[in-house]
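Notes for the structure review
Read off the chains here:
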Amino acid sequence: NDVKNDSRVKKCAKALQKANCNVTIFGLSSDKEQQGVKRVEIQGIPTLLFPNPRFTILSSAVRIYTRKYVTQGLLAAMWKYINMERPYFIHTHDFHSIIIGKELSLRLKKEGQEVKWVHDFHEYVKGLDGLDDEIKEWSLIEEHESILHADYLTTVSPTLSTALRKDYNLDKEPTVLYNAPNRSNLNLDYDLTIRKKLNLPANVDLGVYIGGISEFRGLHTLIGAMPLVPKLHIALVTETKGKYMDSLIESAKELGCYDRLHILPYVDSTEITSFIRDATFGIHPMIRYGNAEVALPNKLFDYI
């Protein structure tokens, strides 16, 4: 992704900077017009944004072909810059990048570079029920071929850590790093909190949901329940667009509660706890499916 809204990647990078490491993030640009590699700085972290190879494909009805094309394109583009950086550590995030971490670290080792590869599992791929079947199968193949090459493994919850050890007969469970905000981010003097932004008095109940929105996250249940609590306001802090999001808005209008539904853009991850602190409650109505059973999403820790 383009790093901007990826709080976990940014938190890892900042932690490494505090440990006196020189850190560069490699991300994937969301700009369809971008040609070359773009150098930017995100919260003081040097970042290289690579053009997304997907935008150069005229058409592909088969998603797995696009997935493979993007992966191979990024491997080719990143190698030049990895070779220049000559890193002591490569740290990859989520199932999309596990094959990239394996290939780049093996290539460096082959050239005599001492390098350690750390991989962070964000999702339980076996439990990603909404993923395209072919992409899921291919992702599990990549995971199987790559996991034992990693020098160190981390993940987001104890249950996922145990599942990975069992699935791949690992010597030890991956280290759990909770997806929690820094306590120091909470600013009790934060100027424009969510309630102030919506101009809602303190005696009005306000529920808040933060993050990406999809059918698997169960927001239709939340909208469907709003008529049962006639004075409750709901705020969705998201930048998701598309058919499902449109359907939620349409449902709220049909149910006569659209005036109590508020859709707000993201604030920076370092500000989110300060921004939402005067809401009445946080909610995550995710439906039950494989990955949901092992996840501890960052929104839960933000709410707490």
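An account of the accompanying structure is given in this report. (Residues numbered from 1 in each chain as written. Predicted model: local features only at pLDDT ≥ 70, side-chain atom pairs only at ≥ 80, totals over all residues. Heavy atoms only, no water.)

Observations concerning the overall build of the chain
Tallying secondary structure elements over the chain gives 10 helices and 11 strands in all. The C-alpha atoms of the chain give 21 Å as radius of gyration, which agrees with the globular expectation for 304 residues (19 Å, within 12%). Counting the 304 residues in the chain, one finds 44% classified as buried. For the chain, the share of sequence-separated contacts (at least 6 apart) that also reach a separation of at least 24 residues comes to 69%. With the model as given, the accessible surface of the chain reaches about 16,800 Å², and the carbon-plus-sulfur share is 52%. Charge separation in the chain, taken as the distance between the mean sites of 38 positive and 38 negative side-chain charges, equals 2 Å. (Helix = DSSP H or I, 4+ residues; strand = E, 2+ residues; numbered from the N terminus. Rg over C-alpha atoms; globule rule 2.2 N^0.38 Å. Buried < 20%, exposed > 50% of the residue type's maximum accessible area, 1.4 Å probe, protein only. Contact = heavy atoms within 4.5 Å. Areas by Shrake-Rupley, 256 points an atom, 1.4 Å probe, with all protein chains shown as cover. Lys, Arg positive; Asp, Glu negative; His and termini not counted. Charge placed at Lys NZ, Arg CZ, Asp CG, Glu CD.)

Observations regarding the environment of phenylalanine 95
Inspection of the secondary structure puts phenylalanine 95 in the loop between strand E4 (89-93) and helix H3 (98-110). For phenylalanine 95, a relative accessible area of 7% puts it in the buried group. A sequence separation of 45 residues divides phenylalanine 95 from leucine 140, and the C-alpha atoms of the two residues are 8.6 Å apart.

Considering unusual backbone geometry
We note that aspartate 94 has phi near 75°; this positive angle belongs to a residue other than glycine. Here aspartate 94 shows up in the loop between E4 and H3. Of note, the phi angle at asparagine 199 is positive, near 60°, even though the residue is not glycine. Following the sequence through the fold, asparagine 199 ends up in the loop between helix H6 (194-198) and strand E8 (206-210).

Considering the sheet that holds strand E9 (residues 233-237)
Taking strand neighbours across the sheet as the criterion, the 4 strands line up as E10-E9-E8-E11 in an open arrangement whose pairing is parallel. Edge positions in the sheet fall to strand E10 (261-264) and strand E11 (281-282), since each has one partner strand and no second. Examined bridge by bridge, E8 and E9 share 5 bridges and lie parallel to one another. Bridging across to E9, leucine 206 finds its partner in histidine 233. (Pairing = 2+ DSSP bridges.)

A closer look at the packing of helix H2 (residues 63-85) against helix H4 (residues 133-146)
At a closest axis distance of 8 Å, the pairing of H2 and H4 adopts a crossing angle of 35°. By crossing handedness, the relation of H2 to H4 is classed as right-handed. On H4, the residues that touch Arg63, Ile64, Arg67 and Lys68 of H2 are Glu134, Ile135, Trp138, Ser139 and Glu142. For the contact of H2 with H4, the residue count by class is 3 nonpolar, 1 polar and 5 charged. (Axes fitted to C-alpha atoms, helices over the stretch in contact; angles between N-to-C directions. Left-handed = near helix turned anticlockwise from the far one by under 90°. Nonpolar A, V, L, I, M, F, W, Y, C, P; charged D, E, K, R; others polar.)

Regarding the nonpolar core
Counting residues in each nonpolar core, the largest one holds 30 residues, and the members touching the most others are Leu74, Ile90, Ile100 and Leu104. At the level of secondary structure, the elements contributing two or more residues to this core comprise strand E3 (45-50), H2, H3, strand E5 (116-121) and helix H5 (158-168). When residues of this core are assigned to their parent elements, the largest contribution, 7 residues, is made by H2. Ignoring sequence-local partners within four residues, the contact set of leucine 74 consists of Leu28, Phe50, Pro51, Pro53 and Ile100. Core analysis: the second largest hydrophobic core is formed by 16 residues, Ile194, Ala235, Val237 and Val267 among them. (Core = buried A, V, L, I, M, F, W, Y, C linked by side-chain atoms within 4.5 Å.)

What to know about the pattern of salt bridges
Within the structure shown, the criterion is met by 9 salt bridges. The partner of arginine 67 in a salt bridge is glutamate 142, and the shortest N-O contact between them spans 3.1 Å. Residue arginine 67 is located in helix H2, and its partner glutamate 142 is located in helix H4; the two are separated by 75 residues in the primary sequence. Glutamate 142 carries the same exposure label as arginine 67, and that label is buried. We note a salt bridge from glutamate 103 to lysine 102, for which the minimum N-O separation is 3.8 Å. (Salt bridge = Lys/Arg side-chain N within 4 Å of Asp/Glu carboxyl O.)

With respect to helix H1 (residues 7-18)
With 12 residues, H1 ought to run about 16 Å at 1.5 Å a step, and its terminal C-alpha atoms sit 16 Å apart, in line with that. Looking at H1, one finds that the buried residues are Ser7, Arg8, Val9, Lys10, Cys12 and Ala13. (Expected span 1.5 Å × (residues − 1).)

Digging into the packing of aromatic side chains
Per the stated rule, a full pass over the model turns up 4 aromatic pairs. A ring pair is formed by phenylalanine 26 and phenylalanine 50, whose centres lie 5.3 Å apart and whose planes are at 45°; its orientation type is tilted. Of this pair, phenylalanine 26 sits in strand E1 (residues 25-28) while phenylalanine 50 sits in strand E3; the two residues are 24 residues apart in sequence, bridging distant segments of the chain. With a relative accessible area of 23%, phenylalanine 26 lands in the partly exposed category. (Phe/Tyr/Trp six-rings, centres within 6.5 Å; stacked < 30°, edge-to-face > 60°.)

Details of the side chain of asparagine 179
Along the chain, asparagine 179 falls in the loop between strand E7 (175-176) and H6. Judged by relative accessible area, which is 11%, asparagine 179 ranks as buried. If sequence neighbours within four positions are ignored, asparagine 179 has contacts with Arg8, Lys11, Val156, Leu296, Asn298 and Phe301.

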